[in-house]
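This is what each chain is made of:
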Amino acid sequence: MAVDGGGRRHGIPPWLEQLNSCARARPLLVDSVTALVLAALLGSWSVWLLFDRAGEPVVGGAPATRPPFTLLAVASVVLVHGALAWRRVRPLASFAIAAAATGVLLLTSIWWLLPSVPVYLLSLYTFSAYGRRHAPVWGLTASAVGAVVVAVCGFPLAGLPAGEWLVHVVLRLLPFVVAAWSLGMFRRVRVAYVAALEERAVRAEAEREERARRAVFDERARIAREMHDIVAHALSVVISQANGGRYAARAEPEAAVEALATIARTGRQALGDMRGLLRVLRTGDGEDDQFPQPALADLPALFDRVRAAGVRVVFEEHDAPQNGCLSASAELAAFRVVQEALTNTLKHAGDAAGAQVRFDWTSESVSITVRDDGAGGTASPGHGLIGMRERLAVVGGTLDAGPAPDGGFLVVARLPRVEVDR
């Protein structure tokens, strides 16, 4: 039986699962109704037999129920049925009361196998299934000892020949005891197994959420490093131009010189503050920060590497702009989306898979579509694409990823187009 992340078991009709959930949530109510139904059917029948056959000889002149013990037998019937109401809420107390009452009932009505006697087997089943750790051992032991005591003390009074009590214990009493105990053990193992599956499903879901959160955090750290490089470069240019403008403006009024000095001072301060703030997010050793960040011009080299790994890559571009297209951060995000999608194709699409990369440009945005035709269409998109959503959100883009309708996996990213001068 499969159990999903929410603890629901597959293969069971929804209405039956809902009814089962309600019953498990209210064991006292369900067991009380069960006890009342059994008392109305079996208990009333047993009481009628006790009063109707009291003192009547049956075997060897022995009465079915000796009149002095009729009321005691009736009280035992009431206790046997009443104990069922707490059979799952208080399994030990319920079983002890049922066992004692059944023993008294058998000894006071030695010949009639009253309808209420099998109720004890239900109590033994419940105690073995829902009792504490050693409940099955104690339940089987108490039942076996009780069967021997009833046979030794009760059957001779019923006129049976001496020595035959052992045969009656082995053939008439113990088989029913063992059957009820075995069913209880089966239920106990099944409940423990389902509980273990549910716990494992909850733990797996928590681990998936934790991995997703860690992937988002790591990707945000990478974004911070890349944004630092881009902004730091821009600010460095601003500082350099401001310093040059200050020297060139010496012939101009002093206000212009002071303004340029303020620009340079503010740029330096902003650059220092940003570096100090983002240094906390850096997890690497910084050696790879000296390399230029990839852009759309580096896509052919990426396609060559993927083709060398065994994936057929087809690239299409429609309405490509002649000059300025995306900002540096948006180009980096676009490159990373294609890179991550092709990496997932390598991991999940299987052998001889192919991928199609398509860029559709408009005057306001660019749509990037990466689709593979592999067999891993139902596989997880990976935590890398989770990080891609964070990356695209920084530059105002969106990302959709999932199995394609006719097979394979589909990744669609949209980025706003900003005209920039290169």
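The rules behind these values
- Sequence order sets the numbering: in each chain, residues are counted from 1 along the sequence as written.
- Thresholds applied to this predicted model are a pLDDT of at least 70 for local features of residues and 80 or more for the giving and counting of side-chain atom pairs; totals over whole chains, interfaces and linings are not thresholded and use all residues.
- Excluding hydrogens and water, the side-chain values take into account all heavy atoms of the structure.
- For the purposes of this entry, the term helix denotes a DSSP run of H or I that reaches at least four residues, the term strand denotes a run of E that reaches at least two, and both are numbered from the N terminus.
- When accessible area is computed with a 1.4 Å probe and restricted to protein chains, residues below 20% of their type maximum are described as buried, those above 50% as exposed, and intermediate ones as partly exposed.
- What makes two residues a contact is simply this: any of their non-hydrogen atoms within 4.5 Å.
- In short, Shrake-Rupley with a 1.4 Å probe defines the accessible areas, and a residue's cover is counted only from the protein chains shown.
- Paired rings are identified among Phe, Tyr and Trp, the last through its six-membered ring, by centres lying within 6.5 Å, and are further divided according to the angle between planes into stacked (under 30 degrees), edge-to-face (over 60) and tilted (the rest).
- Criterion used throughout: strands pair if DSSP finds at least two bridges between them.
- The convention used is that axes are lines fitted to C-alpha atoms, helices contributing only their stretch in contact, and that angles between N-to-C directions extend from 0 to 180 degrees.
- Each angle receives one of four descriptions, namely roughly parallel if under 35 degrees, roughly antiparallel if over 145, roughly perpendicular if within 65 to 115, and oblique otherwise.
- Put simply, a salt bridge is a Lys or Arg side-chain nitrogen that is within 4 Å of an Asp or Glu carboxyl oxygen.
- To define a nonpolar core, start from buried Ala, Val, Leu, Ile, Met, Phe, Trp, Tyr and Cys residues and group those joined through side-chain atoms within 4.5 Å.
- Only residues above 30% relative accessible area that lack a salt bridge enter a patch, with like-charged residues linked at up to 9 Å and the nonpolar side chains Val, Leu, Ile, Met, Phe, Trp and Tyr linked at up to 5 Å.
- Expected helix span is given by 1.5 Å per residue-to-residue step, counting one fewer step than there are residues.

Colleague: Sorry, what's going on with the overall build of the protein chain here?
Modeller: For the protein chain, the helix and strand inventory stands at eleven helices and seven strands. In the protein chain, which comprises 422 residues, the proportion classed as buried is 36%. Long-range pairs, those at least 24 residues apart, make up 71% of the contacts in the protein chain with a sequence separation of at least 6. By element, 63% of the accessible surface of the protein chain is carried by carbon and sulfur atoms, the whole surface being about 23800 Å².

Colleague: Looking at this structure, how should I read the packing of aromatic side chains?
Modeller: This structure, assessed with the given rule, holds five aromatic pairs. For the ring pair phenylalanine 95 and phenylalanine 127, a centre distance of 4.6 Å and an interplane angle of 5 degrees mean the geometry is stacked. On the criterion of sequence distance, the pair formed by phenylalanine 95 in helix α4 (residues 91-108) and phenylalanine 127 in helix α5 (residues 119-130) is long-range, its members being 32 residues apart. A single burial state applies to phenylalanine 95 and to phenylalanine 127, both of which are buried.

Colleague: Where do I start with the pairing of strand β6 (residues 398-403) in this structure?
Modeller: The side chains of a regular strand alternate, first on one face of the sheet and then on the other. Here β6 runs beside strand β7 (residues 409-416); their pairing, made up of six bridges, is antiparallel. Bridge pairing in β7 places alanine 401 opposite valine 411. Here β6 folds back onto β7, and the loop between the two strands holds five residues, one of which, glycine 407, carries a positive phi near 105 degrees.

Colleague: Is there a simple way to think about the sheet that holds β7 in this case?
Modeller: Within a sheet, adjacent strands bond to each other through the backbone by hydrogen bonds, running parallel or antiparallel. One open sheet accounts for five strands, arranged β3-β4-β5-β7-β6; its pairing is mixed. Of all strands in the sheet, those bounded by a partner on one side alone are β3 (312-318) and β6. Averaged over neighbouring strand pairs, the angle between their axes works out to 10 degrees when direction is ignored. Where helix α9 (residues 299-308) meets the sheet, it contacts β3 and β4 (354-361), and its direction lies at approximately 155 degrees from that of β3. Running at roughly 10 degrees to strand β5 (residues 365-372), helix α10 (residues 328-348) makes contact with β4, β5, β6 and β7 of the sheet.

Colleague: Looking at this structure, I do not really get the packing of α9 against α10. What am I missing?
Modeller: Any two packed helices are characterised by the angle at which their axes cross and by the distance between the axes. The contact between α9 and α10 brings their axes to 11 Å, and the two run at 5 degrees. When the interaxial angle is binned, α9 and α10 end up roughly parallel. Of the residues in α10, those in contact with Leu299, Leu302, Phe303 and Val306 of α9 are Phe335, Val338, Gln339, Leu342 and Leu346.

Colleague: For this particular structure, what's the right way to read the pattern of salt bridges?
Modeller: In a structure, side chains of opposite charge can pair up when their charged atoms sit close to one another. Scanning the entire structure with this criterion turns up twelve salt bridges. Between arginine 208 and glutamate 205 there is a salt bridge, with its nearest N and O atoms 2.4 Å apart. Of this pair, arginine 208 and glutamate 205 are both found in helix α7 (residues 165-248), three residues apart, which corresponds to roughly one turn of the helix. Classification of glutamate 205 by relative accessible area gives partly exposed; the value is 30%. The partner of glutamate 210 in a salt bridge is arginine 214, with the nearest N and O atoms 3.8 Å apart. On the criterion of helical spacing, the pair formed by glutamate 210 and arginine 214 is a turn pair, its members being four residues apart in helix α7. By relative accessible area, glutamate 210 is classed as partly exposed at 35%. Residues participating in the shared-partner salt-bridge network are Asp31, Arg87 and Arg88.

Colleague: It is not clear to me how the nonpolar core should be interpreted in this structure. Could you clarify?
Modeller: Counting residues in each nonpolar core, the largest one holds 32 residues, and the members touching the most others are Val338, Leu342, Phe359 and Ile368. Of all the secondary structure elements, the ones that give two or more residues to this core are α9, α10, β4, β5, α11 (383-394) and β7. It is α10 that contributes the most residues to this core, eight residues altogether. Dropping the residues within four chain positions of it, isoleucine 368 is found in contact with Ala334, Val338, Arg358, Phe359, Val411, Val412, Ala413 and Leu415. Leu50, Leu105, Val117 and Val150 belong to the second largest nonpolar core, which has ten residues in total.

Colleague: Where do I start with the side chain of serine 128 in this structure?
Modeller: Relative to the elements of secondary structure, serine 128 occurs in helix α5. Among residues more than four places away in sequence, those in contact with serine 128 are Pro136, Trp181, Gly184, Met185 and Arg188.

Colleague: Got a minute to help me understand a nonpolar patch on the surface in this structure?
Modeller: Where nonpolar side chains cluster on the molecular surface, the patch consists of Leu29, Val33, Val37 and Leu41 and spans about 370 Å² of accessible area. Classification of valine 37 by relative accessible area gives partly exposed; the value is 42%.

Colleague: Help me understand α4, please; the structure alone is not making it clear to me.
Modeller: Owing to its 3.6 residues per turn, the α-helix aligns residues three or four sequence positions apart on the same side. The end-to-end C-alpha distance of α4, which contains 18 residues, comes to 26 Å, matching closely the 26 Å that a straight helix rising 1.5 Å per residue would cover. Restricting attention to buried positions, one finds in α4 the residues Pro91, Ser94, Phe95, Ala98, Ala101, Thr102, Gly103, Leu105, Leu106 and Thr108.

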